[in-house]
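Listed below are the residues making up each chain.
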Amino acid sequence: MRDLKPWLDLIFKRPGRLMVGGVLILATLISGIALLAVSGWFITETALVGLLLAAGVAASINLYVPGGAIRFFAVSRTVFRYLERVYNHDTVLRLLTDIRVALFQRLSLASRSLRGELSGAQWLSRLTSDVDALDTLYLRLIAPTALAALVTFLVVVLASVLFDMRTALLVGLILLVALVIATVGVYLRTRHLAARQSDRQEALRTAVIEHIEGFAELTAAGRTGKHAAWLMRQAHQVTSEQAKADTRVGWHLAGSHLLINLSAVFALWAGFALFQVGAVSGPVLVLLPIALLGIAEVYAMLPDAFAKLGATVASAQRLNRDCRANVATADVSTVDLPADTALLAENITVKHAGYAPLFTHFNLEVQAGERLGIIGHSGSGKSSLADTFAELLPAQGKLACRDRVYLTQKTVLFEDTLRANLLLGSPNASDTDLWRILELVELAQRFASEPDQLDTWLGSAGNRLSGGEARRVALARVLLNPAPLVILDEPFTGLDAETRARISKRMDGLLEGKTVVSLAHGPDALPGTDRVIYLRG
Amino acid sequence: MAEPRADGDGDTTSATNQKAVRQWLLELARGNRLWIRSTVAAGTVAGIATIVQMFLLARIIHLGVIDEVPVAELTPLFLGLILAIVIRAIGQGFQARLAARCSEQVRRDARRRIHKHWQATGPVELGQSSAGTLAREWIDHVEALHGYFARFLPQMSLAIIVPLLILVLVFWLDWLAGIFLLLSAPLIPLFMALVGMGAEKLNQQHFETISRLSGQFLDKVRGLTTLQLFGQTAGAAELIRKRSDHYRRITMKTLRVAFLSSAVLEFFASVAIAVIAIYIGFGLLGYITYGPADQLTLFSGLLILLLAPEFFQPLRILSQHYHDRAAAMGAGAEILERLNLPVDSHRPSELAGKVSARDVIELDSVSKAFRADHEVLLDLSLVIHKGDVIALTGPSGGGKSTLLHLLAGFMVPEKGRIQLFGELPGSFRFGWLGQKGFLVQGTWADNLRLTTPDASDVAIATALRNVGLGPLLDSRKDGIYSAVSEEGQGLSGGQARRLSLARIFVADYDLILLDEPTAGLDSDSEVFVLEALRKLAVAGKTLIFSTHHHALLTLANRVLLVSGGEVRDA
């Protein structure tokens, strides 16, 4: 439960909205209960007065107040319900924004090496569902529970005023048990099932994907049936646990309704005793049990919400884990850079956590203005080395370098305009600068012919561009950046030899005076260099 | 943000589609009729118990207040009341339990059907869709059927049965009050449709917004490292906030309208209760002289009032579950689309005609076309002897892979006959190595025992060493019992393919088919794969592979050129 705290803090940053939303829900609930209770009171009153009138006894009844109240509550229930739904959905959407922004900020502060493990479509889709679990926390859980407690309290107060303290306390006690059964009880009985659900489902997904990827091999080996049977069992386990949780929710709901109904029966029974000694009138006697029956609707949503709480806590746990702050892992002793050196690595070890080191005792000194090429076949650890220079990968040893800009081996473009993608490299660049750099990577013509020019939308992960085009946009973005040290990992992926040669030549001019460290699988994939080193994995 | 999409693709196609989906859902329901009926039965019991509860409640109040019967004499009625309440709770509980079981069965059923379809489709066709998509269909889309079968479908029946029972009772008590309820009844389908449309729109709108927002958000998270490298995280956070807020405003505009339709249902229920309460009150006072009003008693009046909300309650619940229907329809449409994809149905189940010798692979005038006008293989006849090492070469698209797929039984020829060692393709176990290696999460041993469950530890270790994974194995603490991918880092493409090759080693198949076994491998892996294939060839296995690779061609004792629908010795 402690895992929810940071997210609850975030939600309660909007106390005003939550309060207004809560009041609207309360008004809806009270209107519903009051409509029935007042109607019950009214009918009993009229029945009694009707009997007197029929018997010829002069009796009078005020029809306007109850009649008006009934009409008012009928309308107010509808109006408040509508307002409540509109207002609270607005709140939920606001909370969604708050949570996403906060999560993004936290993730961006979190340890980079940790995030390396967390990538891929599966993690991202899980992140989405985890966030979704949190942003409905207020509307599904917090508000209904708080209001159920408040309405219960109000009804108990009503009972003590209309009936007596003893009845009120007993009714309160029964309702309290009903409330606990519908909330905490459900949570405790489904917590483990719900928390496991997401992990089970992910494990199942991995297994299904593996099954499909190996379908040809499994078919050849005559094992698809066996393996599928195993998958079916896994899937069945997930669904049957879910069914178990659903069943428990159902019984808890039934149990809490049972108690609510019993409290109404008890109130009626106790009321008769008071009625027969003349302590309460007939209409009042009817009002309270009917009001109590109305509580059922107030409690109805709670068990479902609490059944999801276990999963919500698990979601919060995962998000908190993803956001773990950087625990100073890198024991890099910073060294002072000599004036004419752009990058200095002394005795560094490059390794991924849990793996054998890729390089040990690695030494490298790059002079300012130097063009260094690093060549190594795929798997030689060249990208890890580049990551280390860019401090994406913690290194052990002495490492120092100037302000740098880094073109990663993987092309990362955002679903945004071309302009927005390029401006990441240099936020203050003018349109002229952007066109100039596009000219350099031979994309100016391509985008000049687009109707939106610089505002051309680059679709999902840049998928409106070919691989070579996307690579050149990423390269252009790096070239825009003013940093004195440029690290390029396979800058020309997806480009043919001629284009590569032309761009490489222009880059020589543009990067005049800067230090360039470029890495590639072969010499022809490098831009101009003064010195080349070869990596042996 | 996802690129702006055009809304809807033709209403006519989606209408027929919807019908098919509804039919498919009904078919699933029919298979689990018993569960659905029991769920409805339990709900009906709860509904009847509720009516009895209200009946006794009204009776007790009438006797106590009007006839001033002492409490002690009311005890049997009170006990009956408690009994009704308990039965109601038991009915409710069983309804939930049976509904959960029902949906469990339905989902299992749906998964089985999808898997059957996968098997009928075969690995080649299945490979046209991404594993992620197929997994989503099998897991998430089937899960999306849950609410429909557990909640919506039983509630559809209950929303008719329970109100009908109440209506009959109210008519018996006071036909005028019954008419008030009945009047709202023909309107109910009408506003249910309204609510339905609203709910559907709401659902769609909500879904679109959520997916766009999360797309936008995930895009930024995905590129977080890049944003950090450029020092732009703060700007990105601000962008997420702005866009989210923008979507909120758009969504709220539609929600304001969509919520109106559900407010209509709420309004009807409230007004009906108010009208009935006031009618009964005036009737009891004797102000209403026509109709049955003068027969009203506190008992009948109160009972009608207590039943009025119960009359609307099943409908309100149904409208709450409406999104379950929308979700199931959406998921069902995608599943059905998959199930409706054609499969090779004319798979021969037994050997037709003459049976060829047990030591040859024989193709007899085999033709295979993907489209009517595009024959990949034409009238192909070929004999391959046991123990041969056959290299298939030729231009890409020439039919090398098709020939391998036919031999593997992954595809069925349009014409002709294929027999391998006197048996049908796919009817016995053989080794297959595709262009992508395949591994499951687990240990090295798990991975090899996947296809050869009874392999010994020694055999597994030997097989892994045979494909050059020995050094990697030695670097792991628990040898073959250490996890293949540790710390979230998997094997390289070449290593994965070698792992697959190790499976073939450990299984000891007579026939091994390989599709471009060295394509795209780094030089280390290439050497190991070549060496491994050589060992298999020496061991007398029949190897058939497609390749352009020179070293592999020299390994073969027969090279076949596959080109333009023909196969000839090169």
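The structure under discussion appears in the preceding block.
What you see is a predicted model, and the numbers here were worked out from it, not measured in a lab.

Novice: Summarise the nonpolar core; cite the residues concerned and give the values.
Specialist: Counting 186 residues, the largest nonpolar core has A:Phe272 and A:Tyr299 as the members making the most contacts within it. With 14 residues, helix 2 (residues 15–54) of chain A is the single largest residue contributor to this core. Excluding anything up to four places from it in sequence, A:Tyr299 contacts A:Ala148, A:Thr152, A:Leu175, A:Ala178, A:Leu179, A:Leu253 and A:Ile260. One finds A:Leu204, B:Ala29, B:Cys102 and B:Leu153 within the second-largest nonpolar core, a separate group that totals 43 residues.

Novice: Let's hear about the packing of helix 2 (residues 33–66) of chain B against helix 3 (residues 75–126) of chain B: which residues, and what values?
Specialist: All names here are of chain B. Across the interface, helix 2 lies against helix 3 with an axial gap of 7 Å and an inter-helix angle of 160°. Taken together, the axis directions place helix 2 and helix 3 in an arrangement best described as roughly antiparallel. Considering how the two elements wind past one another, helix 2 and helix 3 form a crossing that is left-handed. A per-class count over the contact of helix 2 with helix 3 returns 22 nonpolar, ten polar and three charged.

Novice: Hey, could you go over the environment of A:Gly67 for me, with residue numbers and the actual values?
Specialist: Mapped onto the elements of the fold, A:Gly67 is located in helix 3 (residues 64–109). The spatial distance from the C-alpha of A:Gly67 to the C-alpha of A:Ser39 is 8.5 Å, given a sequence separation of 28 residues.

Novice: Quick one: what's the story with unusual backbone geometry, residue by residue and with numbers?
Specialist: A positive phi is found at A:Glu490, a non-glycine position, where the angle reads about 45°. Checked against the element boundaries, A:Glu490 lands in the loop between strand 9 (485–489) and helix 17 (497–510). Look at A:Glu490 and you get buried, because its relative accessible area is 8%. Backbone geometry places B:Glu516, a non-glycine residue, at a positive phi of 45°. For B:Glu516, the location among the structural elements is in the loop between strand 6 (511–515) and helix 16 (523–538).

Novice: Describe empty space enclosed by the protein, listing the residues and the values that go with them.
Specialist: Taken as a whole and judged by the stated rule, the model has three cavities of 30 Å³ or more. Reported here for the largest cavity is a volume of approximately 60 Å³. The set of elements that each furnish at least two residues to the lining of the largest cavity consists of strand 6 (404–407) and helix 16 (467–480) of chain A together with helix 7 (224–229) of chain B. The element best represented in the lining of the largest cavity is helix 16 of chain A, accounting for four residues.

Novice: Outline the interface of chain B and chain A, supporting the account with residue identities and numerical values.
Specialist: At the junction of the two partners, chain B supplies 130 residues and chain A supplies 126 residues. In total, about 11,500 Å² of surface goes out of reach between chain B and chain A, with carbon and sulfur atoms giving 70% of it. Of all residues in chain B, B:Phe230, B:Phe259 and B:Leu285 give up the largest surface area on contact with chain A, accounting jointly for 6% of the area buried on that side. In this structure, A:Glu217 engages B:Arg503 in a salt bridge whose closest nitrogen and oxygen atoms are separated by 2.8 Å. Taken together, the connections running from chain B to chain A amount to 18 residue pairs in polar contact (both at pLDDT 80 or more). Within the residue set of the side of chain B that touches chain A, elements represented by two or more residues are helix 2, helix 3, helix 4 (131–143), helix 6 (175–222), helix 7, helix 8 (233–285), helix 9 (298–320) and helix 15 (493–507) of chain B. It is helix 8 of chain B that provides the largest number of residues to the side of chain B that touches chain A, a total of 32 residues. Here the residues of the side of chain B that touches chain A sort into 75 nonpolar, 29 polar and 26 charged.

Novice: Run through the environment of A:Ala195, naming residues and quoting values.
Specialist: All names here are of chain A. Topologically, Ala195 is positioned in helix 7 (residues 165–213). Ala195 sits in the partly exposed class, given a relative accessible area of 26%. Put simply, Ala195 and Lys308 are 113 residues apart on the chain and 8.7 Å apart in space, counted from C-alpha to C-alpha.

Novice: Outline the sheet that holds strand 5 (residues 431–433) of chain B, listing residues and values.
Specialist: All names here are of chain B. Sheet architecture is open: six strands sit in the order 5-6-7-3-8-9, paired in mixed fashion. For this open sheet the edge positions go to strand 5 and strand 9 (566–569), each flanked by a neighbour on one side alone. In this sheet, adjacent strand axes meet at a mean angle of 15° when their direction is disregarded. As defined by bridge partners, strand 3 (residues 389–393) adjoins strand 8 (residues 558–563) across four bridges and the pair is classed as parallel. What sits directly across from Ile390, in strand 8, is Arg558. Against the sheet, helix 11 (residues 400–408) contacts strand 3, strand 5, strand 6, strand 7 (542–546), strand 8 and strand 9, and its axis sits at roughly 150° relative to strand 6.

Quick notes on the rules
Numbering of residues begins from 1 in every chain and follows the order in which that chain's sequence is written. For this description, chains carry letters from A and ligands carry numbers from 1, given in the order in which they are written. Totals for whole chains, interfaces and linings use every residue, but because this is a predicted model, local features are given only for residues with pLDDT of at least 70 and side-chain atom pairs only at 80 or more, for both listing and counting. Working from all heavy atoms in the structure, the side-chain values ignore hydrogens and water. To form a nonpolar core, buried Ala, Val, Leu, Ile, Met, Phe, Trp, Tyr and Cys residues must be joined to one another through side-chain atoms within 4.5 Å. Whether a residue is buried, partly exposed or exposed follows from its accessible area with a 1.4 Å probe, protein chains only, as a fraction of its type maximum: under 20%, in between, or over 50%, in that order. For helices the rule is a DSSP run of H or I covering at least 4 residues; for strands it is a run of E covering at least 2, with both sets numbered from the N terminus onward. Contacts: residue pairs with any heavy atoms within 4.5 Å of one another. Think of each axis as a best-fit line through the C-alpha atoms, taken over the contacting stretch in the case of a helix, with angles from 0 to 180 degrees between the N-to-C directions. Just so you know how the angles are binned, under 35 degrees is roughly parallel, over 145 roughly antiparallel, 65 to 115 roughly perpendicular, and the rest oblique. Should the near helix be turned anticlockwise from the far one by less than a right angle, the crossing is left-handed, and should it be turned clockwise, the crossing is right-handed. Polarity classes work like this: nonpolar for Ala, Val, Leu, Ile, Met, Phe, Trp, Tyr, Cys and Pro, charged for Asp, Glu, Lys and Arg, and polar for all others, with Gly in that last group. Using protein atoms alone on a 1 Å grid, points that fit a 1.4 Å probe yet trap it form a cavity, whereas open point sets bounded by protein on both sides within 12 Å along at least five of seven lines form a pocket; residues with an atom within 4 Å of a point count as lining. Grid points are joined across faces, edges and corners, and a volume is the space filled by probe spheres set on the points. Buried area: the accessible surface (1.4 Å probe) lost by two parts on joining, summed over both. Salt bridges, as used here, are contacts in which a Lys or Arg side-chain nitrogen is within 4 Å of a carboxyl oxygen on Asp or Glu. Pairs of N or O atoms within 3.5 Å make up the polar contacts considered here, provided that, within protein, one atom can donate a hydrogen while the other can accept it, and that residues adjacent in sequence are counted only when both atoms are side-chain atoms. The pairing criterion for strands is at least two bridges between them, as found by DSSP.

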